[in-house]
Amino acid sequence: MKIIVDAFGGDNAPLEILKGAAMAVTAYGCEVILTGDEQVIRQVAQENAISLNGMEIVHASDVMTMEDHPKSILREHKDCSMAVALRLLAEGKGDAVVSAGSTGALLMGGTFIVKRIKGVSRPALAPIMPSDDAPFMLIDCGANADCRPEMLVQFAHMGSIYMSHMFPREGGPRVGLLNVGTEDTKGGELQLATFPLLKESGLNFIGNVEARDVPAGVADVVVADGFSGNVLLKTMEGTVDMLMKNLKGAFMSSLRNKIGAMLVMPGLRSLKKKLSTSEYGGAVLLGVNAPVIKAHGNSKAEGFCSAIRVASEFAASGAVAQIEEFMGKKKSEDAAQ
């Protein structure tokens, strides 16, 4: 498996990316293609004793910053590390792309360089999130703030296909529609119009789910418009950060508490790992012709290593081909009606 990594995307590039790539090569035996300034990559690797064995470097002279307009990846910044990575993927020179760079630019590049699967209205960003039961997918989490009901149904199908491959469950992934109540009649125009479509979709649709129940693991695929999904994502991430910060503060507040912390430390480490989104490598971009993974912008080496693992598993799963097959079949059915 050959994973293309944007070596200059994210807050901690390129050092943490190189560390994570080296970890992934050792742990998973995959090949890595790094895109970015070759001289800087080799210098940083040498200064930090990072082995580049199993890694190829494809030089990219430019870097896409968070301040650059997303559309500039197609023209003004067409030679940036992210654009070069996406072109290599589109040309079949790798199996997946991982980038922690600008989300907007990655969406733009994924849509117009890698290109949409035929029949997909809009690609969607879908992070795998921790819950009390098992990991779940939130789709969409910010790519499409304004959605139509048929778009949410497509999200549900794509998310269900992905989760069937990555986290199989007997009876198929449970699909829930993010809403302000569980009753069938709850929600705004979008939710009210989407509900009956999901009910007739053939998916394992369990109905509406409230935000407070999502962390408990009530659904395997939580379907939302990008605005609502992003609010839920950021709320969950912020709550976990606040919880862990306050736990640390409580345990460090006195000698007695510090002694207590030593006794419960294994449990706390286990809890932190369970709640950490970095375990799942960021968000997959579903609806494009090849696997694209958006790693967290502030990811450290472990996060990039996880993202490369997810990219490798995604590429090997055949989920993209199954989404293509589903969309082709759906188009034929719609044409026959």
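Scroll up a little and you will see the structure.
Residues numbered from 1 in each chain as written. Predicted model: local features only at pLDDT ≥ 70, side-chain atom pairs only at ≥ 80, totals over all residues. Heavy atoms only, no water.

Caption draft 1: Inspection of the overall build of the protein chain at higher detail. Each helix and strand counted, the protein chain has 10 helices and 11 strands in total. Against the compact-globule benchmark of 20 Å for 337 residues, the protein chain has a radius of gyration of 21 Å, which places it among compact chains. The principal-axis extents of the C-alpha atoms in the protein chain amount to approximately 60 × 60 × 35 Å. The buried share among the 337 residues of the protein chain stands at 50%. A sequence separation of at least 24 residues applies to 70% of the contacts in the protein chain between residues at least 6 apart. Carbon and sulfur atoms form 52% of the exposed surface of the protein chain, whose accessible area is close to 16,000 Å². Counting 33 positive and 38 negative side-chain charges, the protein chain places the averaged centre of each group 3 Å from the other. (Helix = DSSP H or I, 4+ residues; strand = E, 2+ residues; numbered from the N terminus. Rg over C-alpha atoms; globule rule 2.2 N^0.38 Å. Buried < 20%, exposed > 50% of the residue type's maximum accessible area, 1.4 Å probe, protein only. Contact = heavy atoms within 4.5 Å. Areas by Shrake-Rupley, 256 points an atom, 1.4 Å probe, with all protein chains shown as cover. Lys, Arg positive; Asp, Glu negative; His and termini not counted. Charge placed at Lys NZ, Arg CZ, Asp CG, Glu CD.)

Caption draft 2: Local environment of helix 5 (residues 149-166). Across its 18 residues, helix 5 extends 26 Å between first and last C-alpha, which sits within 8% of the 26 Å expected from 1.5 Å per residue. Counting buried positions over the 18 residues of helix 5 gives 15, a clear majority of the element. (Expected span 1.5 Å × (residues − 1).)

Caption draft 3: Highlighting the pairing of strand 7 (residues 174-179). Of all six residues making up strand 7, six are buried, and the element is well covered by its neighbours. In this structure, strand 7 lies alongside strand 9 (residues 221-223), joined through three bridges in parallel fashion. Bridged to Gly176 within strand 9 is Val222. (Pairing = 2+ DSSP bridges.)

Caption draft 4: Main features of the packing of helix 1 (residues 15-28) against helix 9 (residues 301-317). Interhelical geometry of helix 1 versus helix 9 gives an angle of 50 degrees and a closest axis separation of 7 Å. Relative to helix 9, helix 1 is oriented oblique. Where helix 1 crosses over helix 9, the handedness of that crossing is right-handed. Residues Glu16, Ile17, Lys19, Gly20, Ala21, Met23, Ala24 and Tyr28 of helix 1 lie in contact with helix 9, whose contacting residues are Ala301, Glu302, Phe304, Cys305, Ile308 and Arg309. (Axes fitted to C-alpha atoms, helices over the stretch in contact; angles between N-to-C directions. Parallel < 35°, antiparallel > 145°, perpendicular 65-115°, else oblique. Left-handed = near helix turned anticlockwise from the far one by under 90°.)

Caption draft 5: Structural detail: unusual backbone geometry. Note the cis peptide between Ala13 and Pro14, where omega equals -5 degrees. Looking at the secondary structure, you find Pro14 in the loop between strand 1 (2-6) and helix 1. Asp140 follows Ile139 through a cis peptide bond whose omega is 10 degrees. Here Asp140 lies in the loop between strand 6 (136-139) and helix 5. One non-glycine residue, Ala49, lies in positive phi territory at about 55 degrees. Note on placement: Ala49 falls in the loop between helix 2 (38-47) and strand 3 (55-59). Here Ala49 falls in the exposed class, since its relative accessible area comes to 75%. A positive phi angle, near 80 degrees, is found at Lys115, a position not held by glycine. Structurally, Lys115 is set in helix 4 (residues 103-115). By relative accessible area, Lys115 is classed as partly exposed at 47%.

Caption draft 6: Quick look at the packing of aromatic side chains. The tally for this structure, following the rule as stated, stands at two aromatic pairs. A ring pair is formed by Tyr162 and Phe314, whose centres lie 5.0 Å apart and whose planes are at 85 degrees; its orientation type is edge-to-face. In this pair, Tyr162 sits in helix 5 while Phe314 sits in helix 9, placing the two residues 152 residues apart along the sequence. When sorted by exposure, Tyr162 lands in the same class as Phe314, which is buried. Each ring, one from Phe195 and one from Phe205, has its centre 5.2 Å from the other, and the planes form 70 degrees; the classification is edge-to-face. With Phe195 in helix 6 (residues 189-199) and Phe205 in strand 8 (residues 204-210), the pair connects residues that are 10 residues apart, well separated along the chain. What makes Phe195 buried here is its relative accessible area of 8%. (Phe/Tyr/Trp six-rings, centres within 6.5 Å; stacked < 30°, edge-to-face > 60°.)

These figures come from the coordinates and say nothing about function on their own.
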